[in-house]
Amino acid sequence: MARYSRITGTGSYLPPRRLTNADLAAELAAQGIETSDDWIVERTGIHARHFAAAGVCSSDLGVEAAKKALEAAGLEPVDIDLIIVATSTPDMVFPSTACILQNKLGMAGCPAFDLQAVCSGFVYALTVADALIKSGTATKALVIGAEVFSRILDFSDRTTCVLFGDGAGAVVLQASETPGILASDLHADGKHVNILCVPGGVSGGKVLGDPLLKMDGQAVFKLAVGVLESAARAALAKAYLTDADIDWLIPHQANIRIMQSTAKKLKVPLEKLIITVDQHGNTSAASIPLALDTAVRSGKIKKGDTLMLEGVGGGFTWGAVLLNY
Ligand code: UT7
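All chains use their own residue numbering, which begins from 1 and follows the written sequence. With pLDDT at 70 or above as the cut-off, local features in this predicted model cover only qualifying residues; side-chain atom pairs require 80 or more to be listed or tallied, and sums for whole chains, interfaces and linings still use all residues. Hydrogens and water molecules were not included; the side-chain quantities draw on all heavy atoms of the structure.

Some points on the packing of aromatic side chains
Then comes step 1: Under the pairing criterion, centres of Phe, Tyr and Trp rings, with the six-membered ring standing for Trp, must be within 6.5 Å; the plane angle then separates stacked pairs below 30 degrees from edge-to-face pairs above 60, leaving the rest tilted. Scanning the entire structure with this criterion turns up 3 aromatic pairs.
Then comes step 2: Each ring, one from F316 and one from W318, has its centre 6.1 Å from the other, and the planes form 45 degrees; the classification is tilted.
Then comes step 3: Assessed through its relative accessible area of 1%, F316 is described here as buried.
Then comes step 4: Judged by relative accessible area, which is 13%, W318 ranks as buried. Exposure is judged per residue with a 1.4 Å probe applied to protein chains only, and the accessible area is read against the type maximum: over 50% gives exposed, under 20% gives buried, and values in between give partly exposed.

This is how it looks when you write it as structure tokens:
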């Protein structure tokens, strides 16, 4: 019998500290940096973001999202036999945030590892978990996107620091006799490393290079709009479906203009576009599972709906996962 994977539970978590654009603009003004609610809303669609308190790590946010996904799936931590955490803001250099999170969930024994594909991390992680389930290596996986991007923001650079937030989202992906995940399409092109990166690293007990986020926003914008359409079309073709079959489009939540332009290119009506960037900002690998969980819990997404998930970001990486929820 064919073996597929299917999402059986979703969860998400946002740290309590919420900053509106006005709150952030006031904090930046105190440092002599000028920005405004009008500029941020007009260029990005972002109204607010959440920042984790000092000492709160990606694993702390991820574990809360994972607990909710487990509860929604009717499972206990002990039932899980694979953990993948997509993050670019790990708790430590090593061990992986996935191992730290596994211990915080009170579990031991199952494989746990991090996956680093920046804002495409969740679609990459979902694709890897799907493959491990289809191969029989795993049966019940926790796939988590968790980020504390506030830790790597340069608050003297107004072109980037207003864009990002912290948060986590998780799904339980289980072996199933019916699909589930219908198709994936993943890509990377390392020649664009420098348009979105944190160029610092640890060496000899010191940070070498700049450990804060750098982005050429316009270059990222142009690339993103093109690849989000092509990845979605490739995933649809692999599943012998068309854009008319998409019930809900859940792109990476970075900029409302990129998301709306992708929806238009895919001929997906704007009412079928899931939007959380307005309240969360860009939470990198956490943005898609956060948006998915928000739409599931609000009752928008129902069992049996066809979902197109799409990531794009540093690397340059991009990809799509088409699934039956
Ligand atoms: O997660 C990975 C994916 N990342 C993305 O998808 C990000 C993609 N890029 C973008 O979303 C957009 O390029 C941005 C939102 C980053 C920037 O929007 P833009 O329309 O490309 O603006 P811009 O960079 O061309 O800047 C326009 C003006 C500039 O002033 P001048 O040179 O025209 O006088 C900037 O200095 O806006 C100015 N500006 C700001 N003004 C107020 C830049 N940042 C700010 C700010 N507040 N925060």
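Considering the pairing of strand β7 (residues 166–176)
Every regular strand shows the same layout, with side chains that alternate between the two sheet faces.
Then comes step 1: Helix and strand labels come from DSSP, where a helix needs a run of H or I of at least four residues and a strand needs a run of E of at least two; each type is numbered from the N terminus. Counting buried positions along β7 gives 10 out of 11 residues, so the element sits mostly inside the fold.
Then comes step 2: At least two DSSP bridges between two strands are needed for those strands to be called paired. Where strand β1 (residues 4–13) lies against β7, 9 bridges are found, and the strand directions are antiparallel. Bridge pairing in β7 links G11 to A170.
Then comes step 3: Strand direction decides the pairing type here: strand β6 (residues 140–148) and β7, joined by 9 bridges, are antiparallel. Looking across to β7, one finds that E147 is bridged to G167.

Thoughts on the site of the ligand
Then comes step 1: Residue proximity to a molecule or strand is established when one non-hydrogen atom of the residue lies within 4 Å of it. Taken together, the neighbourhood of the ligand is formed by 23 residues, with T35, R158, Q218, N255 and N282 sitting nearest.
Then comes step 2: Any N or O atom pair separated by 3.5 Å or less is treated as a polar contact, with the protein-specific requirement of one donor-capable and one acceptor-capable atom, and with residues adjacent in sequence counted only for side-chain atom pairs. The side chain of R43 places a nitrogen or oxygen atom 2.9 Å from an oxygen atom of the ligand.
Then comes step 3: Within the side chain of H252, one N or O atom sits 3.0 Å away from an oxygen atom of the ligand.
Then comes step 4: When the ligand is considered free in solution it has 960 Å² of accessible area, and contact with the protein chains removes 73% of it.
Then comes step 5: Sorting the residues of the shell around the ligand by element identifies α2 (37–44), α6 (158–161), α7 (217–238) and α8 (256–265) as the ones contributing at least two each.
Then comes step 6: For the shell around the ligand, the element with the most residues is α7, which contributes 4 residues.
Then comes step 7: Grouping the constituent residues of the shell around the ligand by class yields 11 nonpolar, 8 polar and 4 charged. Working definition of accessibility: Shrake-Rupley area with a 1.4 Å probe, residue cover restricted to the visible protein chains. Charged means Asp, Glu, Lys or Arg here, nonpolar means Ala, Val, Leu, Ile, Met, Phe, Trp, Tyr, Cys or Pro, and polar covers whatever is left, Gly included.

Concerning the sheet that holds β1
The strands that make up a sheet are held in pairs by hydrogen bonds between backbone atoms, and each pair lies either parallel or antiparallel.
Then comes step 1: What the 5 strands build is an open sheet, ordered β1-β7-β6-β4-β5; its pairing is mixed. Of all the strands in the sheet, the pair left with one neighbour each is β1 and β5 (112–115). Taking each pair of neighbouring strands and ignoring which way they run, the sheet shows an average axis angle of 20 degrees.
Then comes step 2: In this analysis, two residues are considered to be in contact whenever any of their non-hydrogen atoms come within 4.5 Å of each other. Helix axes use the C-alpha atoms of the stretch in contact, all axes being lines fitted to C-alpha atoms, and the angles between their N-to-C directions lie in the range 0 to 180 degrees. The sheet contacts of helix α3 (residues 58–73) involve β1, β6 and β7, and relative to β1 the element is tilted by about 125 degrees.
Then comes step 3: Here helix α10 (residues 287–297) sits on the sheet and contacts β1, β6 and β7; the angle it forms with β1, its principal contact strand, is near 90 degrees.

Quick notes on the nonpolar core
Then comes step 1: What is meant by a nonpolar core is a set of buried Ala, Val, Leu, Ile, Met, Phe, Trp, Tyr and Cys residues, joined one to another through side-chain atoms within 4.5 Å. Within the largest apolar cluster, 46 residues are counted, with the highest numbers of intra-cluster contacts made by V162, L249, M308, V312 and F316.
Then comes step 2: Broken down by secondary-structure element, the contributors of at least two residues to this core are α1 (21–29), α7, α8, β14 (306–313) and β15 (317–324).
Then comes step 3: If one sorts the elements of this core by residue count, α7 sits on top with 9 residues.
Then comes step 4: Domain borders in the structure are assigned automatically or taken from a domain database. Each of domain 1 (4–176) and domain 2 (181–324) gives at least three residues to this core.
Then comes step 5: Look past the residues within four positions of V312 in its chain and what remains in contact with it is C119, S120, A224, V227, L228, H252, T317 and W318.
Then comes step 6: I7, I250, L307 and Y325 belong to the second-largest nonpolar core, a separate cluster that totals 34 residues.

With respect to the side chain of T317
Then comes step 1: Along the chain, the position of T317 falls in strand β15.
Then comes step 2: Using a relative accessible area of 7% as the deciding quantity, one classes T317 as buried.
Then comes step 3: A polar atom in the side chain of T317 sits 2.8 Å from the side chain of S120.
Then comes step 4: Among the polar contacts made by the side chain of T317, one reaches the main-chain carbonyl oxygen of G314 at a distance of 3.0 Å.
Then comes step 5: The residues touching T317, leaving out its near neighbours within four places in the chain, are A117, S120, Y124, H187, A188, G311 and V312.

Thoughts on α10
Then comes step 1: Along α10, 9 of the 11 residues are buried, which leaves the element largely enclosed by surrounding structure.
Then comes step 2: For α10, the full list of buried residues reads S287, I288, P289, L290, A291, L292, D293, A295 and V296.
Then comes step 3: G299 sits one or two positions beyond α10 and adopts a positive phi of about 90 degrees.

Some details on unusual backbone geometry
Then comes step 1: Here F94 and P95 are connected by a cis peptide whose omega angle stands at 5 degrees.
Then comes step 2: With respect to the helices and strands, the residue P95 is situated in the loop between β4 (82–86) and α4 (97–104).
Then comes step 3: P179 connects to G180 through a cis peptide bond whose omega is 15 degrees.
Then comes step 4: Residue placement: G180 occurs in the loop between β7 and β8 (181–188).
Then comes step 5: One non-glycine residue, V118, adopts positive backbone phi at about 50 degrees.
Then comes step 6: Relative to the assigned elements, V118 resides in the loop between β5 and α5 (121–134).

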